Amino acid sequence: MTPYLRPKGHPLVYGHRGARGVLPENTLESFRYLHQIGAPAVEIDVQNAAGRVPVVVHDPHVPMQIARDGAGRWLEGPGPKVHDLSLAEVQAYDVGRLNPGHPYGARYPDQQPLDGARIPTLEAVLDWLGGTDMILNIEIKSDPTRVDLGDPPEVLVEDVVADIAAQGVGGRVVVSSFDWRVLSVLKAAAPEIARG
(Lines give C-alpha, C1' and ligand atoms only; values in the text may rest on other atoms or scores of the structure.)
Protein backbone atom coordinates (compact mmCIF):
# COMPACT_ATOMS: atom_id res chain seq x y z
CA MET A 1 0.00 0.00 0.00
CA THR A 2 1.22 3.49 -0.80
CA PRO A 3 2.55 5.17 2.38
CA TYR A 4 0.67 8.31 1.34
CA LEU A 5 -2.62 6.51 1.97
CA ARG A 6 -1.67 5.63 5.52
CA PRO A 7 0.01 8.67 7.11
CA LYS A 8 1.83 8.00 10.36
CA GLY A 9 0.81 9.46 13.67
CA HIS A 10 -2.70 10.70 12.99
CA PRO A 11 -6.06 9.50 11.70
CA LEU A 12 -7.14 10.38 8.19
CA VAL A 13 -10.47 12.22 8.21
CA TYR A 14 -12.76 11.66 5.22
CA GLY A 15 -15.70 13.77 4.12
CA HIS A 16 -18.47 11.17 3.83
CA ARG A 17 -20.29 11.56 0.50
CA GLY A 18 -18.48 14.86 0.31
CA ALA A 19 -19.60 17.45 2.81
CA ARG A 20 -23.25 16.43 2.94
CA GLY A 21 -23.97 18.37 6.11
CA VAL A 22 -22.99 21.55 4.25
CA LEU A 23 -23.63 20.95 0.53
CA PRO A 24 -25.53 18.34 -1.52
CA GLU A 25 -23.99 14.88 -1.19
CA ASN A 26 -21.89 13.15 -3.82
CA THR A 27 -21.64 16.30 -5.95
CA LEU A 28 -18.58 17.99 -7.39
CA GLU A 29 -19.57 21.16 -5.55
CA SER A 30 -19.41 19.29 -2.25
CA PHE A 31 -16.02 17.76 -3.08
CA ARG A 32 -14.60 21.14 -4.07
CA TYR A 33 -15.76 22.59 -0.76
CA LEU A 34 -13.88 19.87 1.15
CA HIS A 35 -10.72 20.71 -0.77
CA GLN A 36 -11.15 24.43 -0.07
CA ILE A 37 -11.38 23.86 3.69
CA GLY A 38 -8.33 21.60 3.72
CA ALA A 39 -9.93 18.19 4.22
CA PRO A 40 -7.40 15.49 3.31
CA ALA A 41 -9.81 12.88 1.94
CA VAL A 42 -13.28 12.25 0.55
CA GLU A 43 -15.50 9.17 0.30
CA ILE A 44 -17.90 8.69 -2.61
CA ASP A 45 -20.35 6.01 -3.75
CA VAL A 46 -20.17 4.55 -7.25
CA GLN A 47 -22.32 2.27 -9.36
CA ASN A 48 -22.92 1.94 -13.07
CA ALA A 49 -25.56 3.66 -15.12
CA ALA A 50 -26.67 1.87 -18.31
CA GLY A 51 -23.88 1.29 -20.78
CA ARG A 52 -21.35 0.66 -18.01
CA VAL A 53 -20.84 4.30 -17.07
CA PRO A 54 -19.68 4.67 -13.43
CA VAL A 55 -21.67 7.42 -11.72
CA VAL A 56 -21.45 8.87 -8.21
CA VAL A 57 -24.68 8.13 -6.35
CA HIS A 58 -25.42 6.18 -3.18
CA ASP A 59 -28.76 4.48 -3.75
CA PRO A 60 -29.48 1.83 -6.42
CA HIS A 61 -32.62 3.80 -7.31
CA VAL A 62 -32.62 7.52 -8.04
CA PRO A 63 -32.98 8.75 -4.44
CA MET A 64 -36.30 10.41 -3.66
CA GLN A 65 -34.77 12.24 -0.71
CA ILE A 66 -32.53 14.36 -2.95
CA ALA A 67 -33.81 14.12 -6.54
CA ARG A 68 -36.22 16.27 -8.51
CA ASP A 69 -37.29 15.54 -12.07
CA GLY A 70 -36.89 17.88 -15.04
CA ALA A 71 -40.05 19.76 -14.04
CA GLY A 72 -38.69 20.34 -10.53
CA ARG A 73 -41.03 17.85 -8.84
CA TRP A 74 -39.82 15.68 -5.98
CA LEU A 75 -40.00 11.96 -6.62
CA GLU A 76 -42.92 10.41 -4.76
CA GLY A 77 -41.07 7.16 -4.15
CA PRO A 78 -37.78 5.55 -5.06
CA GLY A 79 -36.97 6.50 -8.61
CA PRO A 80 -35.94 4.16 -11.39
CA LYS A 81 -32.88 1.98 -11.03
CA VAL A 82 -29.71 3.91 -11.81
CA HIS A 83 -28.49 0.83 -13.70
CA ASP A 84 -31.43 1.11 -16.12
CA LEU A 85 -30.85 4.77 -16.98
CA SER A 86 -28.50 6.28 -19.52
CA LEU A 87 -26.05 8.89 -18.31
CA ALA A 88 -28.24 11.62 -19.80
CA GLU A 89 -31.27 10.26 -17.94
CA VAL A 90 -29.34 10.05 -14.66
CA GLN A 91 -28.08 13.59 -15.06
CA ALA A 92 -31.54 14.92 -15.87
CA TYR A 93 -32.31 14.77 -12.14
CA ASP A 94 -31.51 17.80 -10.00
CA VAL A 95 -29.84 16.64 -6.77
CA GLY A 96 -29.06 20.09 -5.44
CA ARG A 97 -31.24 20.12 -2.34
CA LEU A 98 -32.86 17.89 0.25
CA ASN A 99 -36.52 16.94 -0.02
CA PRO A 100 -38.18 18.88 2.85
CA GLY A 101 -40.95 16.28 3.05
CA HIS A 102 -38.56 13.37 3.60
CA PRO A 103 -37.09 12.47 7.02
CA TYR A 104 -33.60 12.42 5.50
CA GLY A 105 -33.86 16.16 4.91
CA ALA A 106 -34.33 16.80 8.62
CA ARG A 107 -30.97 15.17 9.35
CA TYR A 108 -29.06 17.99 7.64
CA PRO A 109 -30.91 21.23 8.43
CA ASP A 110 -27.87 23.38 7.62
CA GLN A 111 -27.22 21.96 4.16
CA GLN A 112 -27.10 24.77 1.60
CA PRO A 113 -29.15 24.10 -1.53
CA LEU A 114 -27.43 24.25 -4.91
CA ASP A 115 -30.18 24.00 -7.47
CA GLY A 116 -28.94 22.49 -10.68
CA ALA A 117 -26.38 20.12 -9.11
CA ARG A 118 -26.18 16.84 -11.02
CA ILE A 119 -24.99 13.31 -10.35
CA PRO A 120 -21.38 13.31 -11.62
CA THR A 121 -19.55 10.59 -13.45
CA LEU A 122 -16.62 8.91 -11.73
CA GLU A 123 -14.48 10.15 -14.62
CA ALA A 124 -15.35 13.77 -13.76
CA VAL A 125 -14.55 13.23 -10.07
CA LEU A 126 -11.21 11.59 -10.86
CA ASP A 127 -10.38 14.43 -13.24
CA TRP A 128 -11.08 16.89 -10.41
CA LEU A 129 -9.05 14.76 -7.97
CA GLY A 130 -6.02 15.00 -10.24
CA GLY A 131 -5.83 18.73 -9.56
CA THR A 132 -5.78 18.26 -5.78
CA ASP A 133 -3.66 16.49 -3.18
CA MET A 134 -6.65 14.69 -1.66
CA ILE A 135 -7.22 10.97 -1.16
CA LEU A 136 -10.38 9.41 -2.57
CA ASN A 137 -12.26 6.41 -1.17
CA ILE A 138 -14.45 4.97 -3.93
CA GLU A 139 -17.10 2.76 -2.37
CA ILE A 140 -18.43 0.45 -5.07
CA LYS A 141 -22.11 -0.14 -4.37
CA SER A 142 -23.01 -3.79 -4.83
CA ASP A 143 -25.47 -6.05 -3.02
CA PRO A 144 -24.78 -9.80 -3.23
CA THR A 145 -28.41 -10.52 -2.27
CA ARG A 146 -29.90 -8.30 -5.02
CA VAL A 147 -28.22 -9.03 -8.34
CA ASP A 148 -31.09 -7.22 -10.10
CA LEU A 149 -29.88 -3.83 -8.85
CA GLY A 150 -26.73 -3.42 -10.90
CA ASP A 151 -23.81 -4.87 -12.77
CA PRO A 152 -21.91 -7.85 -11.31
CA PRO A 153 -18.67 -7.23 -9.36
CA GLU A 154 -16.45 -8.17 -12.31
CA VAL A 155 -18.01 -5.48 -14.49
CA LEU A 156 -18.06 -2.83 -11.76
CA VAL A 157 -14.40 -3.39 -10.93
CA GLU A 158 -13.34 -3.39 -14.58
CA ASP A 159 -15.10 -0.09 -15.23
CA VAL A 160 -13.89 1.64 -12.06
CA VAL A 161 -10.29 0.45 -12.56
CA ALA A 162 -10.38 1.66 -16.18
CA ASP A 163 -11.42 5.16 -15.05
CA ILE A 164 -8.74 5.22 -12.34
CA ALA A 165 -6.06 4.14 -14.82
CA ALA A 166 -7.18 6.68 -17.42
CA GLN A 167 -6.78 9.53 -14.92
CA GLY A 168 -3.51 8.22 -13.44
CA VAL A 169 -4.56 8.74 -9.80
CA GLY A 170 -4.31 5.15 -8.53
CA GLY A 171 -1.79 6.09 -5.84
CA ARG A 172 -4.36 8.32 -4.13
CA VAL A 173 -7.37 6.01 -4.36
CA VAL A 174 -8.81 3.41 -2.02
CA VAL A 175 -11.59 1.21 -3.38
CA SER A 176 -13.95 -0.12 -0.75
CA SER A 177 -17.15 -2.14 -0.74
CA PHE A 178 -19.42 -3.95 1.68
CA ASP A 179 -19.64 -6.71 -0.93
CA TRP A 180 -16.61 -8.94 -0.41
CA ARG A 181 -16.91 -10.23 -3.99
CA VAL A 182 -15.96 -6.75 -5.24
CA LEU A 183 -12.82 -6.69 -3.11
CA SER A 184 -11.81 -10.20 -4.22
CA VAL A 185 -12.21 -9.28 -7.89
CA LEU A 186 -10.29 -6.04 -7.33
CA LYS A 187 -7.41 -7.84 -5.61
CA ALA A 188 -7.05 -10.19 -8.58
CA ALA A 189 -7.55 -7.53 -11.26
CA ALA A 190 -5.60 -4.61 -9.80
CA PRO A 191 -3.63 -5.60 -6.67
CA GLU A 192 -1.80 -2.26 -6.73
CA ILE A 193 -5.00 -0.39 -5.82
CA ALA A 194 -5.60 -0.09 -2.07
CA ARG A 195 -8.71 -1.87 -0.82
CA GLY A 196 -10.95 -1.20 2.15
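Because the structure is a prediction, the values reported are computed rather than measured.

Thresholds, definitions, all that
- Residues numbered from 1 in each chain as written.
- Predicted model: local features only at pLDDT ≥ 70, side-chain atom pairs only at ≥ 80, totals over all residues.
- Heavy atoms only, no water.
- Buried < 20%, exposed > 50% of the residue type's maximum accessible area, 1.4 Å probe, protein only.
- Helix = DSSP H or I, 4+ residues; strand = E, 2+ residues; numbered from the N terminus.
- Pairing = 2+ DSSP bridges.
- 1 Å grid on protein atoms, 1.4 Å probe; cavity = no way out; pocket = protein on both sides within 12 Å on 5 of 7 lines; lining within 4 Å.
- Points joined across faces, edges and corners; volume = space filled by probe spheres on them.
- Nonpolar A, V, L, I, M, F, W, Y, C, P; charged D, E, K, R; others polar.
- Polar contact = N/O pair within 3.5 Å; in protein donor to acceptor, adjacent residues only side chain to side chain.
- Contact = heavy atoms within 4.5 Å.

## Describing the pairing of strand 5 (residues 173-176)
Here is step 1 of the chain: Alternating positions in strand 5 separate into two faces, Val-173 and Val-175 on one and Val-174 and Ser-176 on the other, with burial throughout.
Here is step 2 of the chain: Direction of pairing for strand 4 (residues 135-140) relative to strand 5: parallel, over a ladder of four bridges. Within strand 5, the position partnered with Glu-139 by the bridge is Ser-176.
Here is step 3 of the chain: Direction of pairing for strand 5 relative to strand 6 (residues 194-195): parallel, over a ladder of two bridges.

## Digging into the layout of surface pockets
Here is step 1 of the chain: Counted as a void, the largest pocket has a volume near 270 Å³.
Here is step 2 of the chain: What lines the largest pocket is a set of 17 residues, among which Lys-141, Ser-142, Asp-143, Leu-149 and Gly-150 lie closest to the centre.
Here is step 3 of the chain: When contributions to the lining of the largest pocket are tallied by element, the ones reaching two or more residues are strand 2 (41-49) and helix 5 (153-167).
Here is step 4 of the chain: For the lining of the largest pocket, the per-class residue count stands at six nonpolar, five polar and six charged.

## Here's the deal with the side chain of Glu-25
Here is step 1 of the chain: In this fold, Glu-25 is placed in the loop between strand 1 (14-16) and helix 1 (28-36).
Here is step 2 of the chain: Taking the relative accessible area as the measure of exposure, Glu-25 reaches 7% and is therefore buried.
Here is step 3 of the chain: Looking at Glu-25, its side chain comes within polar contact range of the side chain of Tyr-104, at 2.4 Å.
Here is step 4 of the chain: Apart from the residues lying within four places of it in its own chain, the contact partners of Glu-25 are Arg-17, Arg-20, His-58, Ile-66, Tyr-104 and Gln-111.

So yeah, pure geometry; function would need other evidence.
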